[in-house]
Amino acid sequence: MSSVTLTTKIRDINAHLAALLPTTQSALAGDSIFTVDELRALSLPISEMAPILAAANLAPQDPQVTAQVQIYKMHLRNLQPILESLRQVLLAQRSQLSNNQAQLKAVSDWAAALSTTQQL
């Protein structure tokens, strides 16, 4: 891949990540919901960038490519605490759902036992 093409590709990925940053920050602030679709949208540019980074580490790069890679790394550093916080929120919600599910099962079992005893 030529240096110009590589720079353009990384610039496009950086623009995509930059556009997604406010959405993730908004979700963390509780102003919006971070859906599976947003998570997929976020993972797409990151997965596109993996082979580019692998190739960039193997060969010396043009200064423009290096600059774009640095911007990409900055976006990742900005995303890391946000995603970790979202992960914590999701783990808490999963725990709450698990507790609610256990409570629902207990009520269901109680209702079944009550029904059985009333029929006797």
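Structure: above.
Novice: I would appreciate a short explanation of the overall build of the chain in the present structure.
Specialist: Within the chain one finds three helices and zero strands. Ordering the α and β elements of the chain from the N terminus gives α-α-α. For a compact globule of 120 residues, the expected C-alpha radius of gyration is about 14 Å, and the chain comes in at 23 Å, more than 25% above that figure. Projected onto its principal axes, the C-alpha positions of the chain cover 85 × 30 × 20 Å.

Novice: Can you help me understand the layout of surface pockets in this one?
Specialist: Think of a ball as big as a water molecule: rolled over the atoms, this probe shows where empty space is left. Within this model, the largest pocket holds a volume of roughly 280 Å³. Looking at the largest pocket, it is lined by 15 residues, and the ones nearest its centre are Ile 33, Phe 34, Thr 35, Leu 86 and Leu 90. Those elements that place two or more of their residues in the lining of the largest pocket are helix 1 (3-28), helix 2 (36-58) and helix 3 (63-119). Examining the composition of the lining of the largest pocket, we find that six residues originate from one element, helix 3, more than from any other. Of the residues contributing to the lining of the largest pocket, the split by class is ten nonpolar, four polar and one charged.

Novice: Is there a simple way to explain the pattern of salt bridges in this structure?
Specialist: It is possible for side chains of opposite charge to pair when their charged atoms get near one another. Considering all chains together, one arrives at four salt bridges under this definition. Notably, a salt bridge pairs Glu 84 with Arg 87, separated by 3.1 Å at the nearest N-O pair. One end of the pair is Glu 84 and the other is Arg 87, both in helix 3 and three residues apart, which spans about a single turn.

Novice: What am I meant to see in the side chain of Asn 14 here?
Specialist: Structurally, Asn 14 is set in helix 1. Look past the residues within four positions of Asn 14 in its chain and what remains in contact with it is Gln 68, Ile 71, Tyr 72 and His 75.

Novice: Explain the nonpolar core to me, please; I cannot follow it from the model alone.
Specialist: Nonpolar side chains in soluble globular proteins tend to be buried together. One finds Ile 10, Ile 13, Leu 17, Leu 42, Met 49 and Ile 52 to be the most contacted residues of the largest nonpolar core, which totals 17 residues. For this core, the elements supplying multiple residues, two or more each, are helix 1, helix 2 and helix 3. In terms of residue count, the dominant contributor to this core is helix 1 (seven residues). Every residue in contact with Leu 17, bar those within four places of it in the chain, is listed here: Leu 42, Pro 45, Ile 46, Tyr 72, His 75 and Leu 79.

Novice: I'm lost on the packing of helix 1 against helix 3 in this one. Help?
Specialist: One way to put it is that helix 1 packs onto helix 3 with a least axis distance of 9 Å and a crossing angle of 20 degrees. Classed by the angle they form, the pair helix 1 and helix 3 counts as roughly parallel. Of the two elements, helix 1 crosses helix 3, and the hand of that crossing is left-handed. Tallied by class, residues from the contact of helix 1 with helix 3 come to 15 nonpolar, ten polar and one charged.

Novice: Sorry, what's going on with helix 3 here?
Specialist: One turn of the α-helix equals 3.6 residues, which is why residues spaced by three or four share an orientation. Here helix 3 is 57 residues long and its end C-alpha atoms lie 81 Å apart, about the 84 Å a rise of 1.5 Å per residue gives. Along helix 3, the sharpest kink reaches roughly 30 degrees, centred on Leu 79 and followed within four residues by the proline Pro 81. Listed as buried for helix 3 are Val 65, Gln 68, Val 69, Tyr 72, His 75, Leu 79, Ile 82 and Leu 86. Capping the start of helix 3, Asp 62 holds a side-chain oxygen 2.7 Å from the backbone nitrogen of Gln 64, two or three residues further along.

Basis of the calculations
Counting from 1, residues in each chain are numbered in the order their sequence is written. Confidence filtering applies because this is a predicted model: local features only for residues at pLDDT of at least 70, side-chain atom pairs given and counted only at 80 or more, and all residues used for totals across whole chains, interfaces and linings. Values shown for side chains rest on all heavy atoms present in the structure; no hydrogens or waters enter the calculation. For helices the rule is a DSSP run of H or I covering at least 4 residues; for strands it is a run of E covering at least 2, with both sets numbered from the N terminus onward. Throughout, radius of gyration means the C-alpha value; the globule benchmark is 2.2 Å times the number of residues raised to the power 0.38. Cavity: a set of points on a 1 Å grid over the protein atoms alone where a 1.4 Å probe fits but cannot get out. Pocket: an open set with protein on both sides within 12 Å along at least five of seven lines, its lining residues, like those of a cavity, having an atom within 4 Å of a point. Grid points are joined across faces, edges and corners, and a volume is the space filled by probe spheres set on the points. Note on residue classes: Ala, Val, Leu, Ile, Met, Phe, Trp, Tyr, Cys and Pro are nonpolar, Asp, Glu, Lys and Arg are charged, and everything else, Gly too, is polar. Put simply, a salt bridge is a Lys or Arg side-chain nitrogen that is within 4 Å of an Asp or Glu carboxyl oxygen. In what follows, residue pairs with any heavy atoms lying within 4.5 Å of each other are defined as contacts. For the purposes of this section, nonpolar cores are sets of buried Ala, Val, Leu, Ile, Met, Phe, Trp, Tyr and Cys residues that join through side-chain atoms within 4.5 Å. Exposed residues in this analysis have more than 50% of their type's maximum accessible area, buried residues have under 20%, and partly exposed residues fall in between, with area computed by a 1.4 Å probe over protein chains only. Think of each axis as a best-fit line through the C-alpha atoms, taken over the contacting stretch in the case of a helix, with angles from 0 to 180 degrees between the N-to-C directions. Angular relationships are summarised with four words: roughly parallel below 35 degrees, roughly antiparallel beyond 145, roughly perpendicular across 65 to 115, and oblique for the angles in between. Crossings are assigned a handedness: left-handed for a near helix turned anticlockwise from the far helix by less than a right angle, right-handed for a clockwise turn. Take the residue count of a helix, subtract one, and multiply by 1.5 Å to get its expected span. We define the bend at any residue as the angle between the axes fitted to the seven residues before and including it, ending there, and the seven starting there. By the criterion applied in these results, polar contacts are pairs of N or O atoms within 3.5 Å in which, for protein atoms, one can donate a hydrogen and the other can accept it, and in which residues neighboring in sequence qualify only through two side-chain atoms.

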